[in-house]
Amino acid sequence: METVDDADAYGAFVLGSAVHGRTWLDAAKDFVRDNLDVLAPRPVWIFSVGMPGALRGPWRRLAAKEVPLIVESLPGDLSHRRHLPFSGVVARDQLSRAGRILFHLVGGRFGGYRDGDAIDGWASGIAEELTRT
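An account of the accompanying structure is given in this report. (Residues numbered from 1 in each chain as written. Predicted model: local features only at pLDDT ≥ 70, side-chain atom pairs only at ≥ 80, totals over all residues. Heavy atoms only, no water.)

1. Comments concerning the nonpolar core
Generally speaking, nonpolar side chains in soluble globular proteins are found buried as a group. Worth spelling out the cut-off: Among buried residues, those of type Ala, Val, Leu, Ile, Met, Phe, Trp, Tyr and Cys that are joined through side-chain atoms within 4.5 Å constitute a nonpolar core. The classification of residues rests on relative accessible area computed with a 1.4 Å probe and restricted to protein chains. Under 20% of the type maximum is buried, over 50% is exposed, and intermediate values are partly exposed. Strands are runs of DSSP state E lasting at least two residues, helices are runs of H or I lasting at least four, and both sets are numbered from the N terminus onward. Two residues qualify as a contact provided that any one of their heavy atoms is within 4.5 Å of a heavy atom in the partner residue.
Counting 15 residues, the largest nonpolar core has Phe13, Leu15, Trp24, Leu39, Val44, Ile46 and Leu78 as its most contacted members. Of all the secondary structure elements, the ones that give two or more residues to this core are strand 1 (13-20), helix 1 (26-34), helix 2 (36-39) and strand 3 (44-50). Dropping the residues within four chain positions of it, isoleucine 46 is found in contact with Leu15, Trp24, Val71, Leu74, Leu78, His80, Arg82, His83, Leu84 and Trp122. Core analysis: the second largest hydrophobic core is formed by six residues, Ala63, Val90, Phe103 and Val106 among them.

2. Side note on the environment of valine 32
Locating valine 32 in the fold gives a position in helix 1. Expressed as a C-alpha distance, the spacing of valine 32 and alanine 54, which sit 22 residues apart in the sequence, is 28 Å. Ignoring any residue separated from it by four or fewer positions in sequence, one finds valine 32 in contact with Leu15, Trp24, Leu39, Pro75 and Leu78.

3. A closer look at the side chain of serine 87
The criterion, for reference: Contacts described as polar in this section are N or O atom pairs within 3.5 Å, which, within protein, must combine one atom able to donate a hydrogen with one able to accept it, while residues neighboring in sequence count only if both atoms come from side chains.
Take serine 87: it is sitting in strand 4 (residues 82-87). Given a relative accessible area of 16%, serine 87 falls into the buried group. For serine 87, the side chain forms a polar contact with the main-chain nitrogen of glycine 53, separated by 2.6 Å. Not counting residues within four places of it along the chain, the set of residues in contact with serine 87 comprises Val49, Gly50, Met51, Pro52, Gly53, Tyr113 and Arg114.

4. Some details on the pairing of strand 3
The test is simple: Each pair of strands is called paired provided DSSP finds at least two bridges between the two strands.
Sheet analysis places strand 1 next to strand 3, joined by six bridges and oriented parallel. Within strand 3, the residue paired with valine 14 across the bridge is tryptophan 45. Examined bridge by bridge, strand 3 and strand 4 share six bridges and lie parallel to one another. If you follow phenylalanine 47 over to strand 4, its bridge partner there is leucine 84.

5. Quick notes on the pattern of salt bridges
The following threshold applies: Every case where a carboxyl oxygen of Asp or Glu lies within 4 Å of a side-chain nitrogen of Lys or Arg is listed as a salt bridge.
For the coordinates displayed, the defined rule picks out five salt bridges. For arginine 22, the salt bridge identified is with glutamate 66, shortest N-O distance 3.5 Å. You can see arginine 22 sitting in the loop between strand 1 and strand 2 (23-24) and its partner glutamate 66 sitting in helix 4 (residues 66-72), a full 44 residues away along the chain. When its relative accessible area of 25% is taken as the criterion, glutamate 66 is described as partly exposed.

Here's what the structure looks like:
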């Protein structure tokens, strides 16, 4: 998003960000804030990348409850067609010592949890919708 010189040149948007503390990264939120007028009349899909796949038991089920909080944390009233949360990679060096201890205590597992089939399916659905309109 930081490399988009002219957001008005795009007919549709697929926007996403890593999630830290139940919110998108500042660069992604800044893009949304700075381009709400451009985004409003166009089709927009959003996704978030977090760690649900790395969690177990009740913590994994609680991760789904973050989705509305993530959307609510976005600037303005971003109208979007669908928001999908994906799991990413959780590496030991991404967390502080205290964060690693807490992550371990809640049953977290370090590693890659990307679901390529889910990502491809979602992207294909967007492409199909765009080709119909």
